[in-house]
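As a plain string of letters, each chain reads:
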Amino acid sequence: MTALTLAAAQSISIAGDVPANIERHVAFMHVAAEHNVQLLVFPELSLTGYEPSLAAGLAITPDDPVLAPLREIARVLRLTAVVGMPVRLAPDAGVLIGALVLGADGSLALYTKQHLHPGEEVAFVPGQGGAALEWEDEQIALAVCADFSHASHPRLAAEAGATVYAAGVLVSEGGYATDSALLQGYAAEHGLLVLMANHGGPSGGYVCAGRSAIWAADGGLLAAAPGVGDALVIARRVDDVWAGQVVAL
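Presented here is an overview of the structure given in this document. (Residues numbered from 1 in each chain as written. Predicted model: local features only at pLDDT ≥ 70, side-chain atom pairs only at ≥ 80, totals over all residues. Heavy atoms only, no water.)

## Here's the deal with the sheet that holds strand 10 (residues 213-215)
Taking strand neighbours across the sheet as the criterion, the 6 strands line up as 6-7-8-9-10-11 in an open arrangement whose pairing is mixed. Of all the strands in the sheet, just strand 6 (133-135) and strand 11 (221-224) have a single pairing partner and so form its edges. Going across the sheet, the axis of each strand differs from the next one's by a mean of 15°, ignoring polarity. Examined bridge by bridge, strand 10 and strand 11 share 3 bridges and lie antiparallel to one another. Residue pairing for strand 11: isoleucine 214 is matched across the bridge by alanine 223. (Pairing = 2+ DSSP bridges. Helix = DSSP H or I, 4+ residues; strand = E, 2+ residues; numbered from the N terminus. Axes fitted to C-alpha atoms, helices over the stretch in contact; angles between N-to-C directions.)

## Quick word on the pairing of strand 3 (residues 80-87)
Counting buried positions along strand 3 yields 8 of 8 residues, so the element is predominantly enclosed. Residues Thr80, Val82, Gly84 and Pro86 of strand 3 are buried on one face, and the alternating residues Ala81, Val83, Met85 and Val87, pointing to the opposite face, are buried as well. Note that strand 2 (residues 39-41) and strand 3 share 3 bridges and pair parallel. The residue of strand 3 that forms the bridge with valine 41 is valine 82. Across 7 bridges, strand 3 lies against strand 4 (residues 96-102) in antiparallel orientation. Each bridged residue has a counterpart across the sheet, and for valine 87 the counterpart in strand 4 is leucine 96. (Buried < 20%, exposed > 50% of the residue type's maximum accessible area, 1.4 Å probe, protein only.)

## Focus: helix 3 (residues 68-77)
Restricting attention to buried positions, one finds in helix 3 the residues Leu70, Ile73 and Ala74. Along helix 3, the residues classed as buried sweep out an arc of 100° about the axis, all on the same side. Those residues of helix 3 that are buried are in contact with helix 1 (18-34), strand 3 and strand 4. The positive-phi residue at the C-terminal boundary of helix 3 is arginine 78, with phi of around 55°. (Arc of directions from axis to C-beta. Contact = heavy atoms within 4.5 Å.)

## Observations regarding helix 5 (residues 173-190)
Helical geometry: 3.6 residues make up each α-helical turn, so side chains three or four residues apart lie on a common side. Compared with an ideal rise of 1.5 Å per residue, which puts 18 residues at 26 Å, helix 5 spans 26 Å between its outermost C-alpha atoms and is within 8% of the ideal. Each element contacted by the buried residues of helix 5 is listed here: helix 4 (152-159), strand 8 (164-168), strand 9 (193-197) and strand 10. Backbone geometry just after helix 5 places glycine 191 at a positive phi near 65°. (Expected span 1.5 Å × (residues − 1).)

What follows is the structure, given as structure tokens:
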């Protein structure tokens, strides 16, 4: 097996300020590239913050020019980034919670959150998921927050051949113990490397827990941010051995 480096971007979003959040994403991408990260996953709705009341006004189509700076940086750095944004596929369509895959090769793909959290239906409609990312000998399945609260979601991903399960989330202090235990359990049950990218500060009125983490396929913790704040949580595989690292920004 060749080297592979993945990372969770534990970022802090400014509510509704897409330009400022793009600027911060660019900074994360540069630091990630310095650590040879090939795939960088940001939290749920990272480019707007988790702000359901603002989502309709901020929603974009996947090919919106607002993403051009991030797409160009991804291409220049040879880094694939998964960023969170409200998405509307047509002018009269409902708003989806999107995870946009900005490819190192200039490509663009979309994953949309399939399972809404109770109350989210006021602002959002359920999505259709998306294809796993093919990465040499790995298949990386994406998830957005409440998707992983349905055990069928990681199970179906594993049955379809996924070896990595990467989730952009918003997890509060109150929910962290339960949610992290679920993800760790999926790692062990399905033999998946599991990555969780959480918000590093408050968003949408929630006190986010930070503590983004990556678990190995046996459920063992590879790396986790110690608390809130901006950080990269990195998992690096050389041959068949995974190692973890945390980098504060």
